[in-house]
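Listed below are the residues making up each chain.
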Amino acid sequence: MNYNQVLEQARGDIGGYCKACPVCNGKACGNQIPGPGAKGIGDTAIRNYDKWQEIRVNMDTLCAGGDVDTSCTLFGKEFAYPFFAGPVGAVNLHYSEKYDDISYNKILVSSCKKAGIAAFTGDGTNPLVMEAATQAVKENDGLGVPTIKPWNLDTIKEKMELVHDAGAFAAAMDIDAAGLPFLKNMDPPAGCKTVEELARIVQMAGVPFIVKGVMTVKGARKAKEAGAAAIVVSNHGGRVLDQCPATAEVLEAIADEVGDSMKIFVDGGIRSGTDVFKALALGADGVLICRPFVVSVYGGGSEGVQAYIDKIAGELKDTMQMCGAHSIREITRDMVRK
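Residues numbered from 1 in each chain as written. Predicted model: local features only at pLDDT ≥ 70, side-chain atom pairs only at ≥ 80, totals over all residues. Heavy atoms only, no water.

**Student:** Before we go on, may I ask you to explain the state of the cysteines in this structure?
**Tutor:** Disulfides are covalent bonds that link the sulfur atoms of two cysteine residues. Inspection of every chain in the model, using the stated rule, returns 0 disulfides. Of all cysteine sulfurs, the one in C18 lies closest to C21, which takes part in no disulfide; the gap is 6.6 Å. Not engaged in a disulfide, the cysteine C290 finds its nearest cysteine sulfur in C24; these two sulfurs lie 9.2 Å apart. (Disulfide = S-S within 2.5 Å.)

**Student:** Got a minute to help me understand the environment of I156 in this structure?
**Tutor:** Locating I156 in the fold gives a position in helix 6 (residues 153-166). In the structure, I156 is positioned 112 residues away from T44 in sequence and 29 Å away in space, judged by C-alpha atoms. (Helix = DSSP H or I, 4+ residues; strand = E, 2+ residues; numbered from the N terminus.)

**Student:** Looking at this structure, how should I read the pattern of salt bridges?
**Tutor:** For side chains of opposite charge, pairing can occur when their charged atoms come near one another. What the rule picks out here adds up to 16 salt bridges. K159 serves as the salt-bridge partner of D123, at 2.9 Å between the closest nitrogen and oxygen. With D123 in the loop between strand 5 (119-121) and helix 5 (127-139) and K159 in helix 6, this residue pair connects regions lying 36 residues apart in the sequence. Looking at D123, the relative accessible area reads 3%, which means it is buried. (Salt bridge = Lys/Arg side-chain N within 4 Å of Asp/Glu carboxyl O. Buried < 20%, exposed > 50% of the residue type's maximum accessible area, 1.4 Å probe, protein only.)

**Student:** What is the right way to read helix 6 from this model?
**Tutor:** Side chains of residues three or four places apart in an α-helix project in the same direction, reflecting 3.6 residues per turn. Helix length check: helix 6 (14 residues) gives 20 Å between terminal C-alpha atoms against 20 Å at 1.5 Å per residue, within 8%. Looking only at helix 6, the buried set comprises L153, I156, K159, M160, V163 and A166. Relative to the axis of helix 6, the buried residues are bounded by an arc of 115° and lie together on one face. Away from its buried face by more than 90 degrees, helix 6 exposes D154, K157, E158 and E161. In this structure, the buried side of helix 6 is in contact with helix 5, strand 6 (144-148), strand 7 (171-174), helix 8 (195-205) and strand 8 (209-214). Where helix 6 begins, one side-chain oxygen reaches toward the backbone nitrogen of D154, 3.2 Å away; that side chain belongs to N152. Backbone geometry just after helix 6 places G167 at a positive phi near 70°. (Expected span 1.5 Å × (residues − 1). Arc of directions from axis to C-beta. Contact = heavy atoms within 4.5 Å. Polar contact = N/O pair within 3.5 Å; in protein donor to acceptor, adjacent residues only side chain to side chain.)

**Student:** What exactly am I supposed to notice about the nonpolar core here?
**Tutor:** Soluble globular proteins tend to pack their nonpolar side chains together in the buried interior. Counting residues in each nonpolar core, the largest one holds 113 residues, and the members touching the most others are F209, I231 and F293. Broken down by element, this core gets its largest block of residues, 14 residues, from helix 12 (residues 291-323). Those residues within four positions of I231 in sequence are excluded, and the remaining contacts are I210, V211, V214, A220, A223, I254, V258, M262, K263, I264 and F265. (Core = buried A, V, L, I, M, F, W, Y, C linked by side-chain atoms within 4.5 Å.)

**Student:** Would you mind going over unusual backbone geometry with me for this structure?
**Tutor:** Residues apart from glycine generally show negative phi values, whereas peptide bonds are mostly found in trans. Here I33 and P34 are connected by a cis peptide whose omega angle stands at 10°. The residue P34 is located in the loop between helix 1 (3-10) and helix 2 (43-54) in this model. Of note, A90 is a non-glycine position whose phi angle comes to about 55°, a positive value. Position of A90 among the secondary structure elements: in the loop between strand 4 (83-85) and helix 3 (91-94).

**Student:** Help me understand the packing of aromatic side chains, please; the structure alone is not making it clear to me.
**Tutor:** Between two aromatic rings, the relevant description is the distance of the centres plus the angle of the planes. On inspection of all chains with the given rule, the structure shows 9 aromatic pairs. The rings of F79, F84, F120, F169 and F265 are connected pair by pair, giving a single aromatic cluster. (Phe/Tyr/Trp six-rings, centres within 6.5 Å; stacked < 30°, edge-to-face > 60°.)

**Student:** What exactly am I supposed to notice about the environment of S110 here?
**Tutor:** Along the chain, the position of S110 falls in helix 4 (residues 101-115). Residue S110 is classed as partly exposed on the basis of its relative accessible area of 28%.

**Student:** I'm lost on the side chain of T44 in this one. Help?
**Tutor:** As for its placement among the helices and strands, T44 is situated in helix 2. On the accessibility criterion, T44 (1% relative accessible area) is buried. A polar contact of 3.2 Å, which involves the side chain of T44, links it to the backbone nitrogen of C244. Leave out the neighbours within four places in its chain, and T44 touches N235, G238, L241, D242, Q243, C244 and P245.

**Student:** Help me understand the packing of helix 11 (residues 273-281) against helix 12, please; the structure alone is not making it clear to me.
**Tutor:** A pair of packed helices is captured by two measures, namely the crossing angle of their axes and the spacing between those axes. Taken N-terminus to C-terminus, the directions of helix 11 and helix 12 make an angle of 55°; their axes are 7 Å apart at the nearest point. As summarised for this structure, helix 11 and helix 12 are arranged oblique, according to the angle between their axes. Considering how the two elements wind past one another, helix 11 and helix 12 form a crossing that is right-handed. Side by side, helix 11 and helix 12 meet where G273, T274, V276 and F277 of the first sit next to I312, E315, L316, T319, M320 and C323 of the second. (Axes fitted to C-alpha atoms, helices over the stretch in contact; angles between N-to-C directions. Parallel < 35°, antiparallel > 145°, perpendicular 65-115°, else oblique. Left-handed = near helix turned anticlockwise from the far one by under 90°.)

**Student:** What is the right way to look at the pairing of strand 9 (residues 230-233) in this model?
**Tutor:** Each regular strand displays side chains that alternate between the two surfaces of the sheet. Residues A230 and V232 of strand 9 are buried on one face, and the alternating residues I231 and V233, pointing to the opposite face, are buried as well. As paired strands, strand 8 and strand 9 are joined by 4 bridges and run parallel to one another. Across the sheet, residue K212 finds its bridge partner in strand 9, namely V232. Once you follow strand 8 into helix 9 (residues 217-225) and on to strand 9, the crossover reads as right-handed. Strand direction decides the pairing type here: strand 9 and strand 10 (residues 263-266), joined by 4 bridges, are parallel. Within strand 10, the position partnered with A230 by the bridge is K263. (Pairing = 2+ DSSP bridges. Right-handed = clockwise from strand over helix to strand, strands pointing away.)

**Student:** I keep staring at helix 5 and nothing clicks. Help me out?
**Tutor:** A rise of 1.5 Å per residue sets the reference length of helix 5, with its 13 residues, at 18 Å; its end C-alpha atoms lie 19 Å apart and thus fit the reference within 8%. Restricting attention to buried positions, one finds in helix 5 the residues V129, M130, A132, A133, T134, A136 and V137. In this fold, the buried residues of helix 5 make contact with helix 4, strand 5, strand 6 and helix 6. One side-chain oxygen of the residue at the start of helix 5 lies 2.9 Å from the amide nitrogen of L128, identifying that residue as N126. Of the residues flanking the end of helix 5, it is D141, one or two places downstream, whose phi is positive at about 60°.

As structure tokens, this is what we get:
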């Protein structure tokens, strides 16, 4: 099964919102939510994709030939590639009822582990979502990153117990989910966190903690102050605030500020192995990709996930070879042009 076959199969199974486009650029799904679209006019999701395309790679084949090494090490774990499946929740609401969060995460986590990467899993208002996600991580030797919503601290503590039981090698919080309506209206309040509150959450985790949803140098400094081991430069795919800058526009400055003291991930509109290369050149240690993994599960289950990983991996290897980088460590900023 190749990725084109995955896309063709997905179009019959993924529901009426997502179009399983050949290029997932946010245009066909626009601003429709439910669905994979973005908030407001849908500008941020589209901008995420477009800004990666404006960055060009500098070809240089006056170098030694040979195979390239795409492996990377994060938090003591070695992975075949520096890209990971991003967290998604309520798949049966935003896509179709072929899967729910439980069955989706079960396929995704195991398939990613088999391919040599890890999956971030989602969270939701239904407690079963987090329970099933962490169970999937546990069944796969802790090789997954449970991602907790920014609930109130008591609820977060309960979720962390599931993370610990799963033996997850890291945990995350998508702090940018503070913009989701169901969190804004909760009692006791949920959503935004102070540095002090975030520090308590980091301590609760007991494993490397990743703060997803950082879009400014100031925000990166605050995550560092709270003790986070890593951040994800992310605007939640444009789903929480319209008119945001693209992640590609802010990554470099954030990496320059804190990249020497914490791991930097980035997501948002990254759709090819060449895009992964660009992100690494701008200072990221790893990349998260979300919506295409949803399409891959709907279009081919485990086989679909493998087909998509093979596609991105092949493109990354080709770009590295053509730009003179024989390992992830050799990818440097002068290999791209902004």
